[in-house]
Amino acid sequence: ELWQLLTDSHFDFNRAKLKGELNGFPHLFKEITFDYLHDLVSAGFMFARKFTDDVHVTNDGKSLEIARVLPSLWDYVDE
């Protein structure tokens, strides 16, 4: 993708895998356990920018899309 970035005028860097990898500091999540996600939500700081649409939350051997899990955790946040 780096070569495409330099040579292809139609290359969309914002949709490139490379952008996600470069923007993944300190960590780019692809899969996260429910317990760890719960801890992050409970910590009360902005963290979700590191989650892409394809992140899955694992719990008891099951895997769910983060969009199905995260809203229910927000209900427990103490503003």
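Q: Let's hear about the overall build of the protein chain: which residues, and what values?
A: Broken down by element type, the protein chain carries four helices and three strands. Going from N to C terminus, the protein chain has its helices and strands arranged as α-α-β-α-β-β-α. Looking at the protein chain as a whole, 23% of its 79 residues are labelled buried. Taking the intrachain contacts of the protein chain between residues at least 6 apart in sequence as the baseline, contacts between residues at least 24 apart amount to 43%. Per element, the accessible surface of the protein chain, about 6400 Å² overall, is 53% carbon and sulfur.

Q: If you had to explain helix 3 (residues 34-43) to someone new, which residues and values would you point to?
A: Along helix 3, the residues classified as buried are L37, L40 and V41. Summarising the axial view, the buried residues of helix 3 lie within an arc of 95°, below the 170-degree limit, and thus occupy one face. Those residues of helix 3 that are exposed and angled more than 90 degrees off the buried face are D35 and S42. Buried positions along helix 3 lie against strand 1 (29-33), strand 2 (51-59) and helix 4 (66-74).

Q: Pulling in residues and values, what's your account of the nonpolar core?
A: F29, I32, L37, L40, V41, F51, V55, V57, I66, V69, L70 and L73 together form the largest nonpolar core, which totals twelve residues. Sorting elements by how many residues they give to this core places helix 4 first, with four residues. In this structure L73 touches F34, L37, H38 and V41, once residues within four positions along its chain are discounted.

Q: So what's going on with helix 4? Which residues, and what values?
A: All of the buried residues in helix 4 are I66, V69, L70 and L73. On an axial view of helix 4, the arc spanned by its buried residues comes to 95°, and they lie on one face. Exposed residues lying more than 90 degrees from the buried face of helix 4 are A67 and R68. Elements in contact with the buried residues of helix 4: helix 3, strand 2 and strand 3 (62-65).

Definitions and cut-offs
Counting starts from 1 at the beginning of each chain's written sequence and moves along it residue by residue. Since the coordinates come from a predicted model, pLDDT governs what is reported: local features require at least 70, and pairs of side-chain atoms require 80 or more to be given and counted, while whole-chain, interface and lining totals use all residues. Side-chain measures were taken over the full set of non-hydrogen atoms in the model, leaving aside hydrogen atoms and water. In this text, helices come from DSSP runs of H or I with a minimum length of four residues, and strands from runs of E with a minimum of two, each type numbered from the N-terminal end. Classification of residues uses two cut-offs on accessible area relative to the type maximum, computed with a 1.4 Å probe and protein chains only: under 20% is buried, over 50% is exposed, and between them is partly exposed. The contact criterion used is simple: two residues touch if any of their non-hydrogen atoms lie within 4.5 Å. Areas reported here follow the Shrake-Rupley algorithm with a probe of radius 1.4 Å; residue values treat only the protein chains shown as occluding. As used here, the arc is the angular range of directions from the helix axis to the C-beta atoms. Nine residue types can take part in a nonpolar core, namely buried Ala, Val, Leu, Ile, Met, Phe, Trp, Tyr and Cys, and a core is a set of them joined through side-chain atoms within 4.5 Å.

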